[in-house]
Amino acid sequence: MPGEVKSKAVLARIEGRVQGVWYRGWTVIEANRRGLRGWVRNCSDGSVEALLAGPEPAVEAMLELFWKGPPSARVTAVTRKPADDPGGSHFMEHPTF
């Protein structure tokens, strides 16, 4: 259908100085601002993992924004892979994995 926005789901891993700098809280605010669904969590290896789902332009914008992060973050890598849409109606923080 013309004008229809395609939905997309992506699992992203963000590496660098991303724990202890409010990266998860920042991600929740930014993802909800863009109307995305999913979650974010710290990983035991020091990275942050996020599952984003929603309109493709909003997901792509958030993936680009991951490179910036909150002021104290220093991102060295953002990798992504396709994922299943987690459903739900909002974006939230999960415990460390």
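What counts as what
Residues numbered from 1 in each chain as written. Predicted model: local features only at pLDDT ≥ 70, side-chain atom pairs only at ≥ 80, totals over all residues. Heavy atoms only, no water. Pairing = 2+ DSSP bridges. Helix = DSSP H or I, 4+ residues; strand = E, 2+ residues; numbered from the N terminus. Axes fitted to C-alpha atoms, helices over the stretch in contact; angles between N-to-C directions. Buried < 20%, exposed > 50% of the residue type's maximum accessible area, 1.4 Å probe, protein only. Polar contact = N/O pair within 3.5 Å; in protein donor to acceptor, adjacent residues only side chain to side chain. Contact = heavy atoms within 4.5 Å. Phe/Tyr/Trp six-rings, centres within 6.5 Å; stacked < 30°, edge-to-face > 60°. Lys NZ or Arg CZ within 6 Å of the ring centre and 35° of its normal.

Novice: Could you give an account of the sheet that holds strand 1 (residues 7–17), with specific residues and numbers?
Specialist: Overall, mixed pairing links the 5 strands, which are arranged 4-1-3-2-5 in an open sheet. Every other strand in the sheet has two partners, leaving strand 4 (74–82) and strand 5 (91–93) as the edge strands with one partner each. Adjacent strand axes in the sheet meet at a mean angle of 20° when their direction is disregarded. Where strand 1 lies against strand 4, 8 bridges are found, and the strand directions are antiparallel.

Novice: Which residues make up helix 1 (residues 23–33), and what are the values?
Specialist: Turning to helix 1, its buried residues are Tyr23, Gly25, Trp26, Thr27, Val28, Glu30 and Ala31. Just downstream of helix 1, glycine 35 is the residue with a positive phi angle, here 75°.

Novice: Any chance you could break down unusual backbone geometry for me, citing the residues and the numbers?
Specialist: The residue tryptophan 22 is not glycine, and still its phi comes out positive at about 70°. Position of tryptophan 22 relative to the elements: it lies in the loop between strand 1 and helix 1.

Novice: Outline the pairing of strand 2 (residues 37–42), supporting the account with residue identities and numerical values.
Specialist: For strand 2, the buried fraction is high: 6 of the 6 residues fall into the buried class. Burial of the side chains of strand 2 extends over both faces: Arg37, Trp39 and Arg41 are buried on one face and Gly38, Val40 and Asn42 on the other. Note that strand 2 and strand 3 (residues 48–55) share 6 bridges and pair antiparallel. Along strand 3, the bridge assignment pairs tryptophan 39 with leucine 51. Between strand 2 and strand 3, which pair antiparallel one after the other, the connecting turn spans 5 residues, and glycine 46 there sits at a positive phi close to 95°. By the bridge criterion, 3 bridges tie strand 2 to strand 5 in an arrangement that is parallel. Among the inter-strand pairings, tryptophan 39 is bridged to a residue of strand 5, identified as methionine 92.

Novice: How would you explain the side chain of arginine 41 if you had to name every residue and give the values?
Specialist: Looking at where arginine 41 falls in the secondary structure, it is placed in strand 2. With relative accessibility at 18%, the residue arginine 41 sits in the buried group. Engagement of the side chain of arginine 41 in a polar contact is seen with the side chain of glutamate 49, the distance being 2.6 Å. Setting aside residues no more than four positions away along its own chain, arginine 41 makes contact with Arg24, Ser47, Val48, Glu49, His94, Pro95 and Phe97.

Novice: A description of the packing of aromatic side chains should follow, citing residues and the corresponding values.
Specialist: With the rule as written, the count across this model stands at 2 aromatic pairs. Between tyrosine 23 and phenylalanine 66, the aromatic rings sit 6.3 Å apart at their centres with planes inclined by 35°, giving tilted as the arrangement. Taken together, the residues tyrosine 23 in helix 1 and phenylalanine 66 in the loop between helix 2 (56–65) and strand 4 connect sequence positions 43 residues apart. Phenylalanine 66 carries the same exposure label as tyrosine 23, and that label is buried. Among the aromatic side chains, those forming a connected cluster through ring pairs are Tyr23, Trp26 and Phe66. One Lys or Arg, arginine 41, reaches over the ring of phenylalanine 97 and ends 4.2 Å from the middle of that ring.

Functional significance is not addressed by these values, which are geometric in nature.
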